[in-house]
Amino acid sequence: MIFQAIEDLAAYAVRVGLLEKSDRVWAVNALLEQLGLFGWEEPAAPQERALEDILRDILDWAVENGRIQDGVTSRDLFDTALMGRLTPRPSQVIRTFWEKYAQSPQTATDWYYHFSQNTDYIRSYRVARDVKWVTPTPYGDLDITINLSKPEKDPRAIAAAKAAPQSGYPKCLLCRENEGYAGRMDHPARQNHRIIPVAIDGRDWFFQYSPYVYYNEHCIVFNGAHVPMKIDRSAFRKLLDFVKQFPHYFVGSNADLPIVGGSILSHDHFQGGRYTFAMEKAPVERAVSFPGFADVEAGIVRWPMSVLRLRCDDDGRLVDLAEKILTAWRGYTDEEAFIFARTNGEPHNTITPIARKREGKFELDLVLRNNITTEKYPLGVYHPHQELHHIKKENIGLIEVMGLAVLPSRLKGELAALGEILTAGGDPRADEALAKHADWAEELLSRHTFTRDNAMDILRQEVGMVFAAVLEHAGVYKCTPEGRAAFLRFVESVK
């Protein structure tokens, strides 16, 4: 069985273009070495099977024969090493990418995206397991996902990582040194990972795809140096430089402060891709203007978070105005609106920026953020409040800001179980895992009659409405007359 699986894996690599037909014997020997085998029994002709099935056969053999432990982390480390044996060298990948870029930027990214799937860096079969739906709301159709593609650490991996010597290499999951790295029990293997160098704002940056693909062609653009996130003039320039090179992609940055930033603040990076989020579709509800920038279209976007949209033919003018708005916001305090630039010397105001090119013009969305905390809201005033934590407690980063909820995997089972209980007239408080949803469930029962046929549809719709409320909580200016008046006070302060 193992020789057939090796033959099938080598044939797969040839079929999807990772290797040439003449590489087949070399590939078989490379896989034999990885498996600790020194002989070969000629199998039947290669079978055209799904990569997941081929790798499962090899991993099962490796477990049965003591090559690896049977756990998700051990299996992932081992099958990545196998795929790394079949992945072309970085120089080959870079050369092919830019050859295709000469045809068109989209030709290059189309090829690179499929390449990243073919190498199993993007595990498409796991991404396909994510639960996804769309919820209509007053702000547009919000994307809801329950993430199942990012594996959770198994207990053996946690124990092994704790016992292993600590390593500071690579410094983080985004560093360029991850390319080709063998991984550890506490750090994913990346032998099948290839990155593309890009120059933005005259600096050496790199381009790759996210292995978890929360949306179509979800890419990451990251600094070649391990330096912290920073929103400044250069960040706006870099975003627009990337859009100039890849006009079919949007690109945005998480904010650079805790609570309102993403999960990795230690390494400067952006996220982008080919996807139209609800926020991009949201219209400008009120046009505004800024002194000296009559050539820039500007307005407040009809969105639960506080968004200024800037549009202009000249990307340099957008950078100039964005810098002016950022500088004003960094130092802006409006006690009546509970906006404080600093408390006890700690800065609170920053921006989540998103760049795109639309209808021939450059566009920047500037989302105003504030990370102040209080005794009542210790995780953040402009953060999901306690009553929403049963659905979403994590930071509201760039992806959520634009209208895509990335919800924890626990919700798949919890929602299914909650639907069963509500259909049967049971009490969620009697179930330890569901007790957190009890108050929400009681409120839902006051508005809905649950049956086996409609329970999950109702729960999905209501989860989407919770996410809309999450975004409302994260907005520094609310969608009320008072909130919009306060928003305009800030706009008028920008000189």
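Residues numbered from 1 in each chain as written. Predicted model: local features only at pLDDT ≥ 70, side-chain atom pairs only at ≥ 80, totals over all residues. Heavy atoms only, no water.

Draft legend 1. Structural context of the nonpolar core. Counting residues in hydrophobic clusters, the biggest one holds 95 residues, and the most contacted among them are F207, F290 and Y477. Every residue in contact with F207, bar those within four places of it in the chain, is listed here: F97, T109, Y112, I195, I196, V198, C219, I220, V221, F222, F242 and Y249. Counting 49 residues, the second largest nonpolar core, distinct from the first, contains F250, A278, A282 and L404. (Core = buried A, V, L, I, M, F, W, Y, C linked by side-chain atoms within 4.5 Å. Buried < 20%, exposed > 50% of the residue type's maximum accessible area, 1.4 Å probe, protein only. Contact = heavy atoms within 4.5 Å.)

Draft legend 2. Spatial organisation of the pairing of strand β10 (residues 307–312). Burial of β10 is extensive: 6 of the 6 residues sit out of reach of the surface. Burial along β10 is two-sided: V307, R309 and R311 facing one way and L308, L310 and C312 facing the other are all buried. Of the strand pairs in this sheet, strand β9 (residues 297–301) and β10 are connected by 4 bridges, and their pairing is antiparallel. The residue bridging I300 from the neighbouring strand is L308, located in β10. Hairpin connection of β9 to β10: 5 residues between the antiparallel strands. (Helix = DSSP H or I, 4+ residues; strand = E, 2+ residues; numbered from the N terminus. Pairing = 2+ DSSP bridges.)

Draft legend 3. Looking closely at the pairing of strand β13 (residues 349–358). Among the 10 residues of β13, 8 are classified as buried, and the element is accordingly described as predominantly covered. Note: strand β6 (residues 250–252) against β13, 2 bridges, orientation antiparallel. Following the sheet pairing, V251 is matched in β13 by A355. The sheet contact formed by β13 and strand β14 (residues 361–370) spans 10 bridges and is antiparallel. Counted as the bridge partner of R358 is K361 from β14. Taking the residues that link successive antiparallel strands as the turn, the β13-β14 hairpin has 2 residues, and the phi of E359 there is positive, at about 50°.

Draft legend 4. The arrangement of the sheet that holds strand β4 (residues 203–209) in detail. If you trace the 10 strands from one edge of the open sheet to the other, you get β3-β4-β5-β7-β6-β13-β14-β10-β9-β8, paired in antiparallel fashion. Each of the sheet's edge strands pairs with one partner strand only, and the pair in question is β3 (196–200) and β8 (284–288). Mean inter-strand twist for the sheet, computed between neighbouring axes without regard to direction, equals 25°. (Axes fitted to C-alpha atoms, helices over the stretch in contact; angles between N-to-C directions.)

Draft legend 5. Inspection of the sheet that holds strand β15 (residues 404–407) at higher detail. Spatially, 3 strands are ordered β1-β2-β15 in an open sheet, and the strand pairing comes out mixed. Sheet topology places β1 (131–137) and β15 at the edges, where each strand pairs with a single neighbour. Within this sheet the neighbouring strands show an average axis-to-axis angle of 20°, counted without direction. Here β1 pairs with strand β2 (residues 140–146) via 7 bridges, running antiparallel. Looking across to β2, one finds that V134 is bridged to D143. Relative to β1, helix α15 (residues 455–474) is tilted by about 70°, and along the sheet it contacts β1, β2 and β15.

Draft legend 6. Quick peek at the side chain of R309. Of note, R309 is situated in strand β10. Within polar-contact distance, the side chain of R309 engages the backbone oxygen of A282 at 2.8 Å. (Polar contact = N/O pair within 3.5 Å; in protein donor to acceptor, adjacent residues only side chain to side chain.)

Draft legend 7. Highlighting the environment of S91. With respect to the helices and strands, S91 occurs in helix α5 (residues 90–101). Along the sequence, S91 and C479 sit 388 residues apart, while their C-alpha atoms lie 51 Å from each other.

Draft legend 8. Broad picture of the environment of R309. Residue classification places R309 among the buried residues on the basis of a relative accessible area of 4%. On a C-alpha basis, the gap between R309 and E400 in space is 17 Å, while along the polypeptide they are 91 residues apart. A distance of 2.9 Å separates a polar atom in the side chain of R309 from the backbone oxygen of M279.

Draft legend 9. Layout of the packing of helix α1 (residues 2–15) against helix α2 (residues 24–35). At a closest axis distance of 9 Å, the pairing of α1 and α2 adopts a crossing angle of 130°. By the angle between their directions, the pair α1 and α2 is classed as oblique. Regarding α1 and α2, the two cross each other, and that crossing is right-handed. Where α1 abuts α2, its residues I2, F3, I6, E7, L9 and A10 lie against R24, A27, V28, L31, L32 and L35. Of the residues contributing to the contact of α1 with α2, the split by class is 10 nonpolar, no polar and 2 charged. (Parallel < 35°, antiparallel > 145°, perpendicular 65-115°, else oblique. Left-handed = near helix turned anticlockwise from the far one by under 90°. Nonpolar A, V, L, I, M, F, W, Y, C, P; charged D, E, K, R; others polar.)

Draft legend 10. Representation of helix α13 (residues 410–424) in the model. With 15 residues, α13 should cover 21 Å at 1.5 Å per step; its first-to-last C-alpha distance of 22 Å lies within 8% of that length. Taken together, the buried positions of α13 are L411, E414, L415, L418, G419, I421 and L422. Taken down its axis, α13 places every buried residue within 170° of arc, on the same side. If you follow the buried residues of α13, they end up packed against β1, β2, β15, α14 (438–445) and α15. Just downstream of α13, G425 is the residue with a positive phi angle, here 75°. (Expected span 1.5 Å × (residues − 1). Arc of directions from axis to C-beta.)

Draft legend 11. Examining the packing of aromatic side chains more closely. Under the criterion given, the structure shown has 30 aromatic pairs. Geometrically, the ring pair formed by Y113 and Y209 is edge-to-face, given 5.0 Å between the ring centres and 65° between the ring planes. Of this pair, Y113 sits in helix α6 (residues 105–118) while Y209 sits in strand β4; the two residues are 96 residues apart in sequence, bridging distant segments of the chain. Note on Y209: relative accessible area 0%, which makes it buried. Relative to Y181, the ring of Y169 has its centre 5.6 Å away and its plane inclined at 75°; by these criteria the two rings are edge-to-face. Residue Y169 is found in the loop between α8 (155–163) and β3, and its partner Y181 is found in the loop between α8 and β3; the two are separated by 12 residues along the sequence. Given the relative accessible area of 44%, Y169 is considered partly exposed. Taken together, F97, W98, Y101, Y112, Y113, F207, Y209, F242, F246 and Y249 form an aromatic cluster joined through their ring pairs. (Phe/Tyr/Trp six-rings, centres within 6.5 Å; stacked < 30°, edge-to-face > 60°.)

Draft legend 12. The arrangement of helix α4 (residues 72–84) in detail. The end-to-end C-alpha separation of α4 is 18 Å, in line with the 18 Å expected for 13 residues at 1.5 Å each. Burial analysis of α4 places 12 of its 13 residues in the buried class, which makes it a mostly covered element. Looking only at α4, the buried set comprises T73, S74, R75, D76, L77, F78, D79, T80, A81, L82, M83 and G84.

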